[in-house]
Amino acid sequence: MPAPATGSAPTPVNPRSRVLVASLIGTTIEFYDFYIYATAAVLVFPQLFFPSSDPTTALLSSFAVFGAAMVARPVGAVVFGHLGDRLGRKKTLVVSLLTMGIATFLIGVLPTYAQAGWVATALLVLMRLAQGFALGGEWSGAALVATENAPSGKRALYGTFPQLGAPLGFIIGNGLFLGMGALLPSAAGADPSQPSDAFVSWGWRVPFLFSAVMVAIGLWVRSRLVESAVFARTRESGGVRRLPLATVVRSHGKQLVLGTFIMLATYVLFYLMTTFSLSYGRAAKDAAVPGLGYGYTTFVLMMIFGVLFFAAFTLVSGPLADRYGRRATLIWVTAGIVVFGLVWVPLIELGTLGVVLWLVLGFTLMGMTFGPMGALLPELFPTSVRYTGSGISYNVSSILGAAVAPFIAVALWETGDGSPWLVGVYLSAMAVLTLIALLLGKETKDVSLDDREAASTDDATRTRAGSPAS
């Protein structure tokens, strides 16, 4: 066997600013895409793509397509995880972002049901599946760019930057919808919670088309990245796996299950506070399933105020997780989510002040639970399968939490005759499952990414001496 080369050039290093922006821009677009679809799913898609004499049935159909993207995400996690663990993080992130951008843009030019019948609905489903497939590889790649390039002792802080894309995407996406709503207001005397004819006709398309601008910026930033030193060392040592999926399932199945359930409460809380709350907040008080009766603009502005706390506490959670540990921080936050789910009705019954407090508390907890995930999930897996493992955990949890949460929430809302108390109980129950997973897991704060790779590299060395790697 030839001796390793000496005196080779040092591995290029990504500047800190490039790492943070590259990890932030993709997840910002990811969540921007989610929010604009979620908003359109509430405002216009039920009548444009799912016509029905029963408004609730049309809304549930719209949410079902919304959830279809979540089902496609684990498939994307496997495919993009394979590419990311085999070929590298940079190329994979560029492909996933481009796929996502094309699908989102095409939603903005789709014909409606009135124009193309079931073909329009089928095309919307196809684009949502393409979005979900691409998003399956987006988050894990962005988290790896941040954490694998982070300096010692700041991995959780760096890991909060891809997480910060969630509140930024919310503000940009809903800000655009508010802007279009202001430019195309409902006619005098019309229900202010309902969009105008012009908005239904073409205004809703603008946010989807605008995504092309954001994707172009993201592609430019990511094209300038170099591979992390951690992955470069794994590739040079021969630690790259031929079948990362087989390896992660065979050797890291426990981490896959724990990671999935650790993420569960985060997903349920996120989708209840963004998607369900918009439906509940806008529903009329005298509707068949009554809600809070706020106008669209008023309630979205209240939500944006809450999302500011989401952004702030996402950043706050990073230093806390670096100092006290990911597991310890998340145990306390998850216990807070359990309590929060049980006090929904008392808060909301306080009137507008209580609704604002409900939103602020929910989004604050969201920031505190979401922030540390950017470091914790990647730290569960060695470098050779980190893209695949963290991606599968994150995206399988999207099925258990995100895909079904809006649907379950609407059903529980109806069962409660307009009261969301059962929805809050549902959130608390999911948080208990996450709490159990955290208690069963181990702290990852002091895990060295290279140390996690050592066992994998030793295995790869033994494999090269014997049977083929898998």
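Here's what I pulled together on the structure shown here.

Cut-offs used in this document
The written sequence of each chain sets the order in which its residues are numbered from 1. Owing to the predicted nature of the model, reporting of local features is limited to residues with pLDDT of at least 70; listing and counting of side-chain atom pairs is limited to 80 or more, with chain, interface and lining totals taken over all residues. In computing side-chain properties, one takes all heavy atoms of the structure into account and sets aside hydrogens as well as water. Put simply, DSSP marks the helices as runs of H or I at least four residues long and the strands as runs of E at least two long, and each gets a number from the N terminus on. For the exposure calls, accessible area comes from a 1.4 Å probe over protein chains only, and a residue counts as buried if that area is under 20% of its type's maximum, exposed if over 50%, partly exposed in between. We call two residues in contact when some of their heavy atoms are within 4.5 Å. Residue burial considers only the protein chains on display, and all accessible areas are found by Shrake-Rupley using a 1.4 Å probe. Centre distance within 6.5 Å is the pairing criterion for rings of Phe, Tyr and Trp, where only the six-membered ring of Trp is used; planes under 30 degrees apart are then read as stacked, over 60 as edge-to-face, and the remainder as tilted. Note on criteria: charge over ring means Lys NZ or Arg CZ within 6 Å of the ring centre, with the direction from the centre no more than 35 degrees off the ring normal. Throughout, nonpolar core names a set of buried Ala, Val, Leu, Ile, Met, Phe, Trp, Tyr and Cys residues whose side chains join them through atoms within 4.5 Å. Polar contacts, as used here, are pairs of N or O atoms within 3.5 Å; protein pairs need one atom able to donate a hydrogen and one able to accept it. Residues neighboring in sequence count only if both atoms are side-chain atoms. Working convention: axes come from line fits to C-alpha atoms, limited for helices to the stretch in contact. Angles between N-to-C directions cover 0 to 180 degrees. In this scheme, roughly parallel covers angles under 35 degrees and roughly antiparallel covers those over 145, while 65 to 115 is roughly perpendicular and the rest are oblique. In this scheme, a crossing is called left-handed if the near helix is turned counterclockwise away from the far one by less than a right angle; it is called right-handed if the turn is clockwise. Note on residue classes: Ala, Val, Leu, Ile, Met, Phe, Trp, Tyr, Cys and Pro are nonpolar, Asp, Glu, Lys and Arg are charged, and everything else, Gly too, is polar. Each salt bridge in this description consists of a side-chain nitrogen of Lys or Arg and a carboxyl oxygen of Asp or Glu lying within 4 Å of one another. Any residue with relative accessible area above 30% and no salt bridge may belong to a patch, with like charges joined within 9 Å and the nonpolar Val, Leu, Ile, Met, Phe, Trp and Tyr side chains within 5 Å. The span expected for a helix works out to 1.5 Å for each residue beyond the first. Here the bend at each residue means the angle between axes fitted to two seven-residue stretches, the one ending at that residue and the one beginning there.

Some words on the overall build of the chain
And step 1. Secondary structure summary: the chain contains 22 helices and zero strands in total.
And step 2. The burial tally for the chain puts 58% of its 470 residues in the buried class.
And step 3. In the chain, once contacts between residues fewer than 6 apart in sequence are set aside, the share between residues at least 24 apart is 84%.
And step 4. About 18,000 Å² of surface is accessible on the chain, with carbon and sulfur atoms providing 69% of the total.

With respect to the packing of aromatic side chains
And step 1. Using the criterion set out here, one finds 28 aromatic pairs in the structure.
And step 2. Ring centres of Phe-310 and Phe-363 lie 6.1 Å apart, and the angle between their planes is 20 degrees; this geometry places the pair in the stacked category. Of the two residues, Phe-310 sits in helix H14 (residues 296–324) while Phe-363 sits in helix H17 (residues 352–370), which places them 53 residues apart along the sequence.
And step 3. Each member of the aromatic cluster is reached from another via a ring pair, and the members are Phe-31, Trp-139, Phe-170, Tyr-267, Phe-270, Tyr-271, Phe-310, Phe-363, Phe-370 and Tyr-394.
And step 4. Sitting over the ring of Tyr-37, Arg-128 keeps its end group 4.0 Å from the ring centre.

Overview of the nonpolar core
And step 1. By size, the foremost hydrophobic cluster in this structure holds 112 residues, and its most contacted members are Phe-45, Trp-204, Phe-299 and Trp-358.
And step 2. It is helix H1 (residues 16–43) that provides the largest number of residues to this core, a total of 13 residues.
And step 3. Apart from residues lying up to four places away in sequence, Phe-45 is in contact with Tyr-37, Ala-40, Phe-50, Ser-62, Ile-107, Leu-124, Trp-204 and Phe-208.

Concerning unusual backbone geometry
In terms of backbone geometry, most residues other than glycine have negative phi values and most peptide bonds are trans.
And step 1. Positive phi outside glycine occurs at Asp-417, with the angle close to 55 degrees.
And step 2. Position of Asp-417 among the secondary structure elements: in the loop between helix H20 (405–415) and helix H21 (421–440).
And step 3. Judged by relative accessible area, Asp-417 falls into the exposed class, the value being 65%.

Brief notes about the side chain of Arg-386
And step 1. Along the polypeptide, Arg-386 turns up in helix H19 (residues 386–403).
And step 2. Within the structure, the side chain of Arg-386 is placed 2.9 Å from the side chain of Glu-148, a separation counted as a polar contact.
And step 3. There is a polar contact of 3.1 Å between the side chain of Arg-386 and the backbone oxygen of Pro-378.

What to know about the packing of H1 against helix H7 (residues 155–183)
And step 1. Remark: H1 packs on H7, axes separated minimally by 6 Å, with the N-to-C direction vectors making an angle of 40 degrees. On the basis of their axis angle, the class for H1 and H7 is oblique. Seen along the crossing, H1 lies across H7 with a hand that is right-handed.
And step 2. In terms of residue class, the contact of H1 with H7 is built from 19 nonpolar, eight polar and one charged.

Here we look at the side chain of Thr-274
And step 1. Of note, Thr-274 is situated in helix H13 (residues 264–282).
And step 2. Within polar-contact distance, the side chain of Thr-274 engages the backbone oxygen of Phe-270 at 2.7 Å.
And step 3. Apart from the residues lying within four places of it in its own chain, the contact partners of Thr-274 are Phe-34, Tyr-35, Phe-170, Met-303 and Phe-363.

Concerning the pattern of salt bridges
And step 1. Under the counting rule described, the total for this entry stands at nine salt bridges.
And step 2. Of the charged contacts, one joins Glu-379 and Arg-155 as a salt bridge, the two residues approaching to 2.7 Å between their closest N and O atoms. Of this pair, Glu-379 sits in helix H18 (residues 373–379) while Arg-155 is found in helix H7, placing the two residues 224 residues apart along the sequence.
And step 3. Taking relative accessible area as the criterion, Glu-379 reaches 1% and is therefore assigned buried.

Looking at the packing of helix H11 (residues 244–251) against helix H12 (residues 253–262)
A pair of packed helices is captured by two measures, namely the crossing angle of their axes and the spacing between those axes.
And step 1. Contact geometry of H11 with H12 gives a least axis separation of 4 Å together with a crossing angle of 85 degrees. The angle between the axes of H11 and H12 places the two elements in the roughly perpendicular class. When H11 is examined against H12, the residues Val-248, Val-249 and Ser-251 are found in contact with a partner set consisting of Gly-253, Gln-255 and Leu-256.
And step 2. Considering only residue class, the contact of H11 with H12 consists of three nonpolar, three polar and no charged.

Regarding a nonpolar patch on the surface
And step 1. On the surface, Val-257, Phe-261, Leu-400, Val-432, Leu-433, Ile-436 and Leu-440 cluster together into a nonpolar patch covering about 560 Å² of accessible area.
And step 2. Of all elements in the fold, only H12 and H21 reach the threshold of two or more residues within the nonpolar patch.
And step 3. Per-element accounting of the nonpolar patch gives the leading share, four residues, to H21.
And step 4. The residue Leu-440 is located in helix H21 in this model.

Here's the deal with helix H6 (residues 118–148)
And step 1. Taking 1.5 Å of rise per residue, the 31 residues of H6 would be expected to cover 45 Å, and the 46 Å separating its terminal C-alpha atoms lies within 8% of that figure.
And step 2. Helix geometry: H6 is bent most strongly at Leu-135, by close to 25 degrees.

Structural measurements only, silent on function.
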